[in-house]
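# Fold and contact review
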Amino acid sequence: MDELRPPTLLALPSYLAGHVARIGRRELAGALEKRDLRLPHFAVLAGLSDFGPLAQHALADRLGLNRSHLVGYLDELERRDLVGRERDPDDRRRQRVTLTEAGKALTGELKREASRSQDVFLAELSAKERETLVSLLRRVVVADDRAQAGAG
């Protein structure tokens, strides 16, 4: 018997996706722990790197994070001089979050480390298979984002 898990579960894409996510998260979390960071910290840094400065509420929404939890992550990143918060020039009632120069440099390093961690956990797959896997998973996520936006 090659498979340790029940065939019923192994036939469920949701079970497989969840378990694969835990494996990948374990690899990435281990890489981040070396820098005393957690996955939400990386998500914030990556989001700001990809989208540029954002209002706190917009950053929370784009990352799918609870807004009150985001404040704690930002506090920690700000203490480490990786992000800064300033009044949004378009709406002075809002806080806008930006990456500092140190944050930009660290984010670049973390992106490379994240890529390496993904290579480790997906080593069983060829480059083409990885590309297909990412494409299919992205389609599901984008479709859910659209459905959630339509429901809201």
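Residues numbered from 1 in each chain as written. Predicted model: local features only at pLDDT ≥ 70, side-chain atom pairs only at ≥ 80, totals over all residues. Heavy atoms only, no water.

### Focus: the overall build of the protein chain
Within the protein chain, the secondary structure is distributed over seven helices and three strands. The order of α-helices and β-strands along the protein chain, N terminus first, is α-α-α-β-α-α-β-β-α-α. Seen along its three principal axes, the alpha-carbon backbone of the protein chain occupies a region of about 60 × 40 × 25 Å. Across the 152 residues in the protein chain, those meeting the buried criterion constitute 28%. Within the protein chain, contacts between residues at least 6 apart in sequence are counted, and of these 46% link residues at least 24 apart. Counting only carbon and sulfur atoms, one obtains 53% of the accessible surface of the protein chain, whose full area is about 10,300 Å². Averaged over its 26 positive side-chain charges, the protein chain has a centre that lies 3 Å from the centre of its 24 negative ones. (Helix = DSSP H or I, 4+ residues; strand = E, 2+ residues; numbered from the N terminus. Buried < 20%, exposed > 50% of the residue type's maximum accessible area, 1.4 Å probe, protein only. Contact = heavy atoms within 4.5 Å. Areas by Shrake-Rupley, 256 points an atom, 1.4 Å probe, with all protein chains shown as cover. Lys, Arg positive; Asp, Glu negative; His and termini not counted. Charge placed at Lys NZ, Arg CZ, Asp CG, Glu CD.)

### Describing the pattern of salt bridges
Inspection of the entire model under this criterion finds 13 salt bridges. A salt bridge links lysine 128 to glutamate 131, with the nearest nitrogen and oxygen atoms 3.7 Å apart. Remark: glutamate 131 and lysine 128 occur in helix H7 (residues 127-151); sequence separation between them is three residues, near one turn of the helix. Overall, lysine 128 belongs to the exposed group, its relative accessible area being 55%. When salt bridges that share partners are traced, they join Asp75, Glu78 and Arg85 into one network. (Salt bridge = Lys/Arg side-chain N within 4 Å of Asp/Glu carboxyl O.)

### Here we look at the environment of glycine 30
Mapped onto the elements of the fold, glycine 30 is located in helix H2 (residues 13-33). Note: C-alpha distance between glycine 30 and lysine 104 (74 residues apart in sequence) is 21 Å.

### Description of the environment of alanine 114
With respect to the helices, strands and loops of the structure, alanine 114 is situated in helix H6 (residues 101-121). With 47 residues separating them in the primary sequence, alanine 114 and arginine 67 have C-alpha atoms 24 Å apart. Other than its neighbours up to four places away in sequence, alanine 114 contacts Leu28 and Phe42.

### Observations concerning the nonpolar core
In globular proteins that are soluble, nonpolar side chains generally tend to be buried together. With 23 residues, the main nonpolar core has Val44, Leu45, Leu59 and Val83 as its most contacted residues. Put simply, the parts of the chain that give this core at least two residues each are H2, helix H3 (39-51), helix H4 (56-63), helix H5 (67-79), strand E3 (91-99) and H6. Tallying contributions element by element places H3 first for this core, with five residues. The contact partners of valine 44, leaving out residues within four places of it in the chain, are Leu59, Leu63, Leu65, Leu70, Leu74 and Leu77. (Core = buried A, V, L, I, M, F, W, Y, C linked by side-chain atoms within 4.5 Å.)

### Observations concerning the side chain of threonine 98
Relative to the helices and strands, threonine 98 resides in strand E3. By relative accessible area, threonine 98 is classed as buried at 16%. When sequence neighbours within four positions are dropped, the list of residues in contact with threonine 98 reads Leu48, Pro53, Leu82, Val83, Gly84 and Glu86.

### Concerning the sheet that holds strand E2 (residues 83-88)
Strand order in the open sheet made by the three strands is E1-E3-E2, with antiparallel pairing throughout. Looking at strand neighbours, the two that pair on one side only are strand E1 (54-55) and E2, the edges of this open sheet. Taken together, the two bridges between E1 and E3 define a ladder with antiparallel strand orientation. The residue bridging leucine 54 from the neighbouring strand is valine 97, located in E3. Those strands touched by H3 are E1, E2 and E3, and its axis lies near 100° from that of E3. (Pairing = 2+ DSSP bridges. Axes fitted to C-alpha atoms, helices over the stretch in contact; angles between N-to-C directions.)

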